[in-house]
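Here is how the chains run, residue by residue.
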Amino acid sequence: MKPGGYMAIGWHKIGGKWYFFNDVGEMKTGWIRYFDKWYYCNESNGDMVSKEVRKIGDAYYYFNENGEMLEKASVRVDESGAIHFEE
């Protein structure tokens, strides 16, 4: 619930993390298509994955700082072995 007793719908930041609520106010987990982008919310607690590589099922996906799954990104490994993703 939002302040004033209003139902939460769409994306809401709670305690510094983002969550998605459907049109009847239910928190959603797993894959979420929002407009033209894909997002992933943890199955265990519903918070959105962002700025990380995550193994989901048998594949790895990269999510940028906005939580968007990148369909195309350049991957670069620097001399220290760190991996960098460039949109």
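Just above sits the structure.
Being a predicted model, the structure only gives us computed values, none of them experimental. (Residues numbered from 1 in each chain as written. Predicted model: local features only at pLDDT ≥ 70, side-chain atom pairs only at ≥ 80, totals over all residues. Heavy atoms only, no water.)

Student: Give me the nonpolar core: which residues, what numbers.
Tutor: Core analysis: the biggest nonpolar cluster contains six residues, these being Trp11, Phe20, Ile32, Tyr39, Cys41 and Met48. Among residues more than four places away in sequence, those in contact with Tyr39 are Trp11, Gly30, Trp31, Ile32, Tyr34, Met48, Phe63, Asn66, Gly67 and Glu68. Listed in part, the five residues of the second largest apolar core include Tyr40, Val49, Phe63 and Met69. (Core = buried A, V, L, I, M, F, W, Y, C linked by side-chain atoms within 4.5 Å. Buried < 20%, exposed > 50% of the residue type's maximum accessible area, 1.4 Å probe, protein only. Contact = heavy atoms within 4.5 Å.)

Student: So what's going on with a nonpolar patch on the surface? Residues and values would help.
Tutor: Residues Val75, Val77 and Ile83 make up a contiguous nonpolar surface patch of about 290 Å² in total accessible area. Along the chain, Ile83 turns up in strand β9 (residues 83–86). Of the residues examined, Ile83 reaches a relative accessible area of 52% and is grouped as exposed. (Patch = residues over 30% accessible without salt bridge, like charges linked within 9 Å, V, L, I, M, F, W, Y side chains within 5 Å. Areas by Shrake-Rupley, 256 points an atom, 1.4 Å probe, with all protein chains shown as cover. Salt bridge = Lys/Arg side-chain N within 4 Å of Asp/Glu carboxyl O. Helix = DSSP H or I, 4+ residues; strand = E, 2+ residues; numbered from the N terminus.)

Student: Tell me what's going on with unusual backbone geometry, and back it up with residues and numbers.
Tutor: Backbone geometry at Phe35 places phi at a positive 55°, although glycine is not the residue there. Turning to its location among the elements, Phe35 is positioned in the loop between β4 (30–34) and β5 (37–41). Assessed through its relative accessible area of 67%, Phe35 is described here as exposed. Not every positive phi belongs to a glycine, and Lys51 is a case in point at roughly 50°. Considering the arrangement of structural elements, one finds Lys51 in the loop between β5 and β6 (52–56). Classification of Lys51 by relative accessible area gives exposed; the value is 59%.

Student: Requested: an account of the pattern of salt bridges, with residues and values cited.
Tutor: Within this structure, the stated rule accounts for two salt bridges. The salt bridge partner of Lys17 is Asp47, with a shortest N-O separation of 3.3 Å. Pair noted here: Lys17 is in strand β2 (residues 17–21) and Asp47 is in the loop between β5 and β6, with a separation of 30 residues, a long-range link. Lys17 sits in the partly exposed class, given a relative accessible area of 40%. Between Arg54 and Glu52 there is a salt bridge, with the nearest N and O atoms lying 2.8 Å from each other. With relative accessibility at 22%, the residue Arg54 sits in the partly exposed group.

In short, the description is geometric, and any link to function would need to be established separately.
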